[in-house]
Amino acid sequence: MTKWHDLSLRVRILIGYTSVLAPACVLVLFLMLRIGQFYERISEINTRSAAQAEAGVQLVGRVAAAQQAADRYLQDPRAHNWRAALEALHQMDADIDSVVADAGDLDELRQRSDDYQKTFTELSQLIRQKETLRERLVLNVFQANSLAGSVIAASLATEQGGDETVQELIEAQQHLGEASLRISRLMSEQDPVHSEAILGQLRSAQELFSRSAARPDPPAEVEGALRATNTAIMLTERLAQTFDNLQTVREQQLSPQALLLSASANQIANRAMGRLTAATDELESLVEPTYQLASLGLVATIVGSLMVGLRLARHLSRPIVALAGAVERVNSGNYDVVAENRTGGELGRLTAAFNRMTATLRRQRDEVQAQQAAITERNAELEQALAQLQAAIAEREQLATAVRALSVPVVPILRHVIVVPLVGEIDAERAQVLMQRLLDGVEAEQARIVILDITGVPVVDAELAERLLQAATAAELLGARCVLVGISPEVAQALVTTGADLSRLVTHVDLRAGVEYAMRTLAAQQAPR
């Protein structure tokens with residue numbers, strides 16, 4: 001008979017999974033049968049109670065949306081808001097016709113919906129009447145203002161601007177303008193309080209127009225403005241009455257009807273939710289025993305799975321743990337480890353492969369140690385060669401420094417006079433050396449004249465000219481004056497082409513002329529005054 005330790009790893013894991021999955025499959029099959037029964041019951045609830053509850057909730061939302069659309073139109077009576085309110089009311093009627101509820105509740109809801117819509121229609125008519133009155137009021141105020149303005153313009157044209165009639169008409173125009181502003185605020189804020197202010201402004205304008213019309217030979221425009229003002233006062237009074245009627249109908253009819261309509265819709269929704277709750281409670285009473293049985297089966301399956309898993313893990317992990325310990329010892333540098341092989345299958349082959357690997361590592365370790373000895377000897381030779389190379393590089397650097405110093409010589413030819421001959425191209429590095437050597441020479445020789453001889457410089461460009469100017473400026477800061485000599489015709493032409501400003505430098509053709517200039521300058525400085 002085959003022993004457990006001789007079985008392959010795959011067979012052991014398969015046996016462990018089978019012992020866990022078998023009771024789990026039985027539990028899942030039982031739950032599927034019970035879930036099928038629950039699904040049939042839930043379908044029945046959805047078909048009947050849930051549909052009624054959903055329709056009731058949708059009806060409540062539709063009633064609220066219709067009321068919001070109606071309120072939006074009453075606040076902002078524009079055409080698109082009126083169409084949106086009518087559309088919302090029609091959709092509410094459609095939902096009322098489609099909802100499933102008690103006949104008494106539906107009849108009450110329909111009656112309250114009809115009452116609400118009739119009141120909304122009445123309010124819509126009042127709003128249209130209000131808009132008509134507003135348009136006529138604005139037209140008459142504008143007409144009165146225009147007529148007054150024409151009289152004022154005619155009087156000013158005939159240089160009668162100080163006439164009392166003109167002054168009264170200007171004041172009347174101000175009242176009419178204030179009335180126009182109040183009309184705009186009345187329509188935007190929907191506040192009837194502005195009606196009294198409009199009437200006050202119009203009556204003030206009426207009084208002023210009456211004074212002007214009572215004078216001898218009043219202009220016809222004044223009488224026309226008076227008539228337009230009288231008409232505007234009458235329209236304002238009617239508009240104020242319309243606002244009062246709107247407020248009364250909205251507060252005493254529409255708002256209570258909206259509350260009753262919402263209450264009827266909520267009553268239908270609440271009763272549908274009650275039926276759904278009762279059906280849900282019934283379903284819960286069926287689910288509870290199944291839940292308890294499934295919980296017990298699940299606990300038993302988990303406990304059994306843990307026991308099987310722990311036992312299987314112990315049998316599988318024991319040789320793996322031993323092999324891991326051997327790997328740790330090998331990792332620490334002990335290649336003489338030999339893992340004990342007590343099992344067959346994949347783990348046995350893995351242990352045998354590990355032992356072959358350690359033997360190979362021991363052989364490779366010996367080879368590496370021999371190679372390391374050879375490498376150590378080679379490193380010593382390389383370090384010696386590197387030291388020699390570094391010494392040669394240091395000598396070369398010293399030689400390069402000496403060459404750079406000699407490339408820019410500073411020659412004292414007289415007391416307080418030095419000559420700096422330049423030969424070859426002057427790059428940035430040689431320019432830096434030139435600056436340093438020149439300043440050191442001025443300081444060491446206490447030079448007053450520095451002669452820069454560029455006879456040996458083949459090319460003079462803008463960059464070299466700028467460097468020569470910088471050197472001259474630095475020398476001047478130390479009290480020395482620079483003289484530029486050795487300028488050939490080609491160099492002179494090149495300097496002119498570069499556009500460099502060499503006015504700060506004293507220039508001479510050759511070194512002899514520069515030396516003569518230096519001697520004259522020193523003699524002039526030393527002569528008694």
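Summarised in this report is the structure supplied together with it. None of the values given here were measured: they were computed from a predicted structure. Every chain is numbered independently, its residues counted from 1 as its sequence is written. Reporting of local features is limited, given that this is a predicted model, to residues whose pLDDT is at least 70; pairs of side-chain atoms are given and counted only at 80 or more, and all residues count toward the totals for whole chains, interfaces and linings. Heavy atoms from the whole structure form the basis of all side-chain values; hydrogens and water molecules are not counted.

**Some words on the pattern of salt bridges**
Stated precisely, the cut-off is as follows: Salt bridges are defined by distance alone: a side-chain nitrogen of Lys or Arg within 4 Å of a carboxyl oxygen of Asp or Glu. In this text, helices come from DSSP runs of H or I with a minimum length of four residues, and strands from runs of E with a minimum of two, each type numbered from the N-terminal end. Burial classes follow relative accessibility: with a 1.4 Å probe on protein chains only, a residue under 20% of its type's maximum area counts as buried, one over 50% as exposed, and anything between as partly exposed.
Enumeration over the complete set of coordinates arrives at seven salt bridges. With a closest N to O distance of 3.4 Å, Glu-131 and Arg-134 form a salt bridge. Pair noted here: Glu-131 and Arg-134 are both in helix 3 (residues 103-157), with a separation of three residues, about one helical turn. The exposure class assigned to Glu-131 is partly exposed, which follows from its relative accessible area of 22%. In this structure, the salt-bridge partner of Glu-237 is Arg-203, at a minimum N-O distance of 3.2 Å. Highlighted residues: Glu-237 in helix 6 (residues 220-331) and Arg-203 in helix 5 (residues 193-214), separated in sequence by 34 residues. In this structure Glu-237 comes out as partly exposed when scored by relative accessible area, which is 39%.

**Points about helix 9 (residues 462-477)**
Stated formally: Any helix carries an expected span of 1.5 Å times its number of residues minus one. Note on definitions: a residue-residue contact is assigned when non-hydrogen atoms from the two residues lie within 4.5 Å.
With 16 residues, helix 9 ought to run about 22 Å at 1.5 Å a step, and its terminal C-alpha atoms sit 23 Å apart, in line with that. Within the span of helix 9, buried status applies to Leu-464, Ala-465, Arg-467, Leu-468, Leu-469, Ala-471, Ala-472, Ala-474 and Ala-475. On its buried face, helix 9 is in contact with strand 2 (417-423), helix 8 (428-445), strand 3 (449-456), strand 4 (481-485) and helix 10 (489-498). Where helix 9 terminates, the next one or two residues include Gly-479, which has phi positive at roughly 95 degrees.

**Concerning the nonpolar core**
Selection rule: Among buried residues, those of type Ala, Val, Leu, Ile, Met, Phe, Trp, Tyr and Cys that are joined through side-chain atoms within 4.5 Å constitute a nonpolar core.
Counting 33 residues, the largest nonpolar core has Val-420, Leu-422 and Val-450 as its most contacted members. Put simply, the parts of the chain that give this core at least two residues each are strand 2, helix 8, strand 3, helix 9, strand 4 and helix 10. The leading source of residues in this core is helix 9, at eight residues. Excluding anything up to four places from it in sequence, Leu-422 contacts Val-408, Leu-434, Asp-453, Ile-454, Gly-456, Val-457 and Leu-468. If you look at the next biggest cluster of nonpolar residues, it comprises 31 residues, including Ala-144, Ala-179, Met-187 and Phe-243.

**Digging into the side chain of Thr-119**
Short version of the rule: Polar contacts, as used here, are pairs of N or O atoms within 3.5 Å; protein pairs need one atom able to donate a hydrogen and one able to accept it. Residues neighboring in sequence count only if both atoms are side-chain atoms.
Position of Thr-119 among the secondary structure elements: in helix 3. Within the local environment of Thr-119, its side chain forms a polar contact with the backbone oxygen of Asp-115, the two atoms lying 3.0 Å apart. Once residues within four sequence positions are removed from consideration, Thr-119 is found in contact with Val-249, Gln-253, Leu-254 and Gln-257.

**Focus on helix 5**
Across its 22 residues, helix 5 extends 33 Å between first and last C-alpha, which sits within 8% of the 32 Å expected from 1.5 Å per residue. Taken together, the buried positions of helix 5 are occupied by His-194, Ser-195, Ile-198, Leu-199, Leu-202, Ala-205, Leu-208, Phe-209, Ser-212 and Ala-213.

**Regarding the pairing of strand 4**
Basically, it comes down to this: Strands pair, by our definition, only if DSSP identifies at least two bridges between them.
Most of strand 4 is tucked away: four of the five residues are buried. With five bridges connecting them, strand 3 and strand 4 associate as parallel partners. Following the sheet pairing, Ile-449 is matched in strand 4 by Arg-481. Taken together, the two bridges between strand 4 and strand 5 (residues 506-507) define a ladder with parallel strand orientation. Residue Leu-484 lies in a different strand from strand 5, and its bridge partner there is Thr-507.

**Points about the sheet that holds strand 2**
We count it as follows: For helices, the fitted line uses only the C-alpha atoms of the stretch in contact; every axis is such a line through C-alpha atoms, and the angle between N-to-C directions lies from 0 to 180 degrees.
As summarised here, the arrangement of the five strands in space is 1-2-3-4-5, forming an open sheet in which the pairing is mixed. The open sheet terminates on both sides in strands that have one partner only, identified here as strand 1 (411-414) and strand 5. In this structure, strand 2 lies alongside strand 3, joined through six bridges in parallel fashion. For Pro-421, the partnering residue across the bridge sits in strand 3 and is Asp-453. Here helix 8 sits on the sheet in contact with strand 1, strand 2 and strand 3, set at roughly 165 degrees to strand 2.

**Focus on the packing of helix 8 against helix 9**
Note the threshold: Between 65 and 115 degrees an angle is taken as roughly perpendicular, under 35 as roughly parallel, over 145 as roughly antiparallel, and anywhere else as oblique. By definition, turning the near helix anticlockwise from the far helix through less than a right angle yields a left-handed crossing, and turning it clockwise yields a right-handed one. Only Asp, Glu, Lys and Arg are considered charged in this grouping, and only Ala, Val, Leu, Ile, Met, Phe, Trp, Tyr, Cys and Pro are considered nonpolar; every other residue, Gly among them, is considered polar.
The interhelical angle for the contact between helix 8 and helix 9, taken along N-to-C directions, is 20 degrees, at an axis separation of 10 Å. The angle between helix 8 and helix 9 places the two elements in the roughly parallel class. Viewed along their axes, helix 8 and helix 9 form a crossing whose handedness is right-handed. Each of Ala-428, Ala-431, Leu-434, Met-435, Leu-438 and Leu-439 in helix 8 lies in contact with helix 9, whose residues at this interface are Arg-467, Leu-468, Gln-470, Ala-471, Ala-474 and Ala-475. The class makeup of the residues in the contact of helix 8 with helix 9 is ten nonpolar, one polar and one charged.

**Here we look at the environment of Val-249**
Its place among the elements puts Val-249 in helix 6. With residues near it in sequence (within four places) discarded, Val-249 still touches Thr-119, Glu-122, Leu-123, Leu-126 and Leu-254.

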